[in-house]
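Chain by chain, the residues run as shown.
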There are 2 protein chains.
Amino acid sequence: MHQNLRQNIERKINTALSDTDFALFLSFLEPVTFPKKTIVLEAEHFCSNIYYIEKGLLISLLTDEKGEKHVVQFAFEDHWISDLYSFFSQKPAIITIETLEDTMALAITKENFELAMQKLPQFERFFRILIQNAYIHSQQRIAKTFTDDAEQRYKDLICTNPNFLQRVPQYLIASFLGIKPQSLSRIRQNMHKK
Amino acid sequence: MHQNLRQNIERKINTALSDTDFALFLSFLEPVTFPKKTIVLEAEHFCSNIYYIEKGLLISLLTDEKGEKHVVQFAFEDHWISDLYSFFSQKPAIITIETLEDTMALAITKENFELAMQKLPQFERFFRILIQNAYIHSQQRIAKTFTDDAEQRYKDLICTNPNFLQRVPQYLIASFLGIKPQSLSRIRQNMHKK
DNA sequence: GAAATTCATTCACATAGGTTAAGAAAGAAA
DNA sequence: TTTCTTTCTTAACCTATGTGAATGAATTTC
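Since the model is a prediction, treat every value here as computed from it, not as a measurement.

Read across the sheet, four strands follow the order β1-β8-β3-β6 (chain A) without closing on themselves; strand pairing throughout is antiparallel. Edge positions in the sheet fall to β1 (30–34) and β6 (80–81) of chain A, since each of these pairs with one other strand and no more.

Shown next as structure tokens:
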């Protein structure tokens, strides 16, 4: 039970957890379920949870100054999702999170997060690494956007996540790639011709 | 002395520091100077410092899979710069850091960082917020790249940092904006015509 | 099951930015 | 100074992506 979560954590902190420590950490997590197309976090509201996804699929969206929404992250099984900025700063969220499928997750609240930090020093490290990885990933996405064209980025995305084609509507993939749905349609058409 | 640094930290953690705590923290920082055009950190090497810039100007560059370099950050007075990934993970750096001007900085090593964390719990918070801000900033940069054209991004950049025009060569500004130097030149030409 | 949405495709045309190449300007070095 | 090197500008042409509009398919709603 919860072996995936345990491995997910141990991989990040690069250390095995004792059974008691892991059990203690689990006690701070609460199972939650959301039906498909649920808004889990609305921008401007307060983000009081970090979610570990056991089953299902969610997206996070950032709304820019012009009011346009951009897909920031796809989070499926064994991923973490939240508005870490709002969660840690206790300020209104800048991100919206929605389910694309029925979802089962484990939620840690800010209060439990603080408790866990006190009792389990390893978890401070774990969450710092979580932010750090998100940051590195974000930087590399910028570099990739500057270097590769949309066709290459699309190929890479579906190569690493072939199931997205079944699970994610194309206009959201287009948004994640930074292009319009029509352009993605044209790219797919060109790919098939070659 | 070091009032800017103190304010920089207090602003982030949103708490005043006692004189003794700040003095203790300062004792973990070592002053360093670099002449213009010095490579402070080379990609593939180990990043053992985080720098607080007292005077001067540096850039960090990310090299992508095609070997192209992209300016990730301009760091001038009162900014922090490092390869946080390499610093925390103790793996080879993915970022290069160079001075554009003669620079005076305060450096904290990984060893001193660990000591400071033990003696000064506030600083764990400070560095987590440092990463967190870098992450949020990076995400917003992606959204901006997808929404605004290069001319708008250039205007915004020089509007918030008018001194860049004097201090930073245009080809580095172009790299930061994700365009070629010739394109920036054309954009500037069009701006003057209007 | 019909009506209403939402989503994907296609096309013609517009535009931002890339590419190549040449020369001017500005700095650094001698 | 003169030379050498780096940076910036300009221009002609090319390509990727955006825009708007039409159409059909798929999904949702009633």
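Don't stop here, the text continues.
Residues and elements named next belong to chain A. Assigned domains within chain A: domain 1 (3–139) and domain 2 (148–194). Spacing between the C-alpha centres of domain 1 and domain 2 amounts to 26 Å. Counting from both sides, the interface comprises 14 residues of domain 1 and, opposite them, 10 residues of domain 2. Of the roughly 940 Å² buried between domain 1 and domain 2 on both sides combined, carbon and sulfur atoms contribute 64%.

Another aspect to go through is the side chain of Arg-6 of chain B. Residues and elements named next belong to chain B. Examined against the element boundaries, Arg-6 turns out to sit in helix α1 (residues 3–13). A relative accessible area of 14% means that Arg-6 is categorised as buried. Side-chain polar atoms of Arg-6 contact the backbone oxygen of Leu-17, separated by 2.7 Å. Aside from chain neighbours lying at most four places away, what touches Arg-6 is Leu-17, Ser-18, Asp-19 and Phe-22.

All right, on to the relation of the copies chain A and chain B then. Note on the identical chains: chain A maps onto chain B by a rotation of 180° and an axial translation of 0.0 Å, with an RMSD of 0.0 Å. On this basis, the relationship between the two copies can be described by a two-fold rotation axis. Among all residues of chain A, the minimum C-alpha distance to the rotation axis is found for Tyr-135 of chain A, at 2.2 Å. Both copies share a contact surface, since 100% of the interface residues of chain A are interface residues in chain B too.

Looking now at the pattern of salt bridges. Per the stated rule, a full pass over the model turns up 22 salt bridges over all chains. Where Lys-110 of chain A meets Glu-114 of chain A, a salt bridge forms, and the shortest distance between an N and an O atom there is 2.5 Å. Taken together, the residues span about one helical turn, with Lys-110 of chain A and Glu-114 of chain A both in helix α4 (residues 110–119) at a distance of four residues. Owing to a relative accessible area of 36%, Glu-114 of chain A belongs among the partly exposed residues under this scheme. Between Lys-55 of chain B and Glu-77 of chain B there is a salt bridge, with its nearest N and O atoms 3.3 Å apart. Of this pair, Lys-55 of chain B sits in strand β3 (residues 49–55) while Glu-77 of chain B sits in the loop between β5 (69–75) and β6 (80–81), and the two are 22 residues apart along the sequence. Under the relative-accessibility criterion, Lys-55 of chain B is labelled partly exposed at 46%. Connected through salt bridges with shared partners, the residues Lys-55, Glu-77, Glu-101 and Arg-167 of chain A form a single ionic network.

A word on the packing of helix α6 (residues 150–160) of chain B against helix α8 (residues 170–177) of chain B. Residues and elements named next belong to chain B. At a minimum axis distance of 10 Å, the contact between α6 and α8 shows a crossing angle of 120°. Compared by their axis directions, α6 and α8 come out oblique. Regarding α6 and α8, the two cross each other, and that crossing is right-handed. Residues Ala-150, Arg-153, Tyr-154 and Leu-157 of α6 form the contact with α8, whose participating residues are Ile-173, Phe-176 and Leu-177. Residues that form the contact of α6 with α8 fall into these classes: six nonpolar, no polar and one charged.

Here the focus is the interface of chain A and chain B. Between chain A and chain B, the contact holds 35 residues from the first and 36 residues from the second. Taken together, both faces of the contact between chain A and chain B bury some 3200 Å²; the carbon and sulfur share is 69%. Joining chain A to chain B, the criterion identifies two salt bridges. Lys-66 of chain A is paired through a salt bridge with Asp-148 of chain B; the nearest N and O atoms lie 3.4 Å apart. Counting across the interface, chain A meets chain B through seven residue pairs in polar contact (both at pLDDT 80 or more). Mapped by element, the contributors of at least two residues to the side of chain A that touches chain B are β5 (69–75), α3 (84–89), α5 (121–147) and α8 (170–177) of chain A. For the side of chain A that touches chain B, the leading source of residues is α5 of chain A, giving 17 residues. Its residues assigned to classes, the side of chain A that touches chain B shows 16 nonpolar, 10 polar and nine charged.

Conventions and cut-offs
Residue numbers restart at each chain and count upward from 1, following the sequence in its written direction. Following the order in which they are written, the chains are lettered starting with A and the ligands numbered starting with 1. The predicted nature of this model means local features are confined to residues of pLDDT at least 70 and side-chain atom pairs, given and counted, to a pLDDT of 80 or more, with totals for whole chains, interfaces and linings taken over all residues. With hydrogens and water stripped out, all remaining heavy atoms of the structure feed into the side-chain values. In short, DSSP must find at least two bridges between two strands for them to pair. Strands here are runs of E lasting at least two residues and helices are runs of H or I lasting at least four, both read from the DSSP assignment and numbered beginning at the N terminus. Those domain boundaries reflect an automatic or database domain assignment. It only takes one pair of heavy atoms within 4.5 Å for two residues to be counted as in contact. Throughout, the accessible surface (probe 1.4 Å) given up by two parts as they are put together, summed over both, is called the buried area. The classification of residues rests on relative accessible area computed with a 1.4 Å probe and restricted to protein chains. Under 20% of the type maximum is buried, over 50% is exposed, and intermediate values are partly exposed. Any pair of nitrogen or oxygen atoms within 3.5 Å is treated as a polar contact; in protein, a donor-acceptor pairing is required on top of that, and neighbouring residues in sequence qualify only through side-chain atoms on both sides. Alignment of the copies relies on least squares applied to C-alpha atoms, considering only residues that score at least 70 for pLDDT in both. The working definition used for a salt bridge is a side-chain nitrogen of Lys or Arg within 4 Å of a carboxyl oxygen of Asp or Glu. Fitted lines through C-alpha atoms serve as axes, helices being fitted only where they are in contact, and the angles separating the N-to-C directions of these axes extend from 0 to 180 degrees. Any angle that is under 35 degrees is reported as roughly parallel, and any over 145 degrees as roughly antiparallel; angles of 65 to 115 degrees are reported as roughly perpendicular and all others as oblique. Rotating anticlockwise by less than a right angle from the far helix to the near helix defines a left-handed crossing, while the corresponding clockwise rotation defines a right-handed one. Amino acid classes used here: Ala, Val, Leu, Ile, Met, Phe, Trp, Tyr, Cys and Pro are nonpolar; Asp, Glu, Lys and Arg are charged; the rest, including Gly, are polar.

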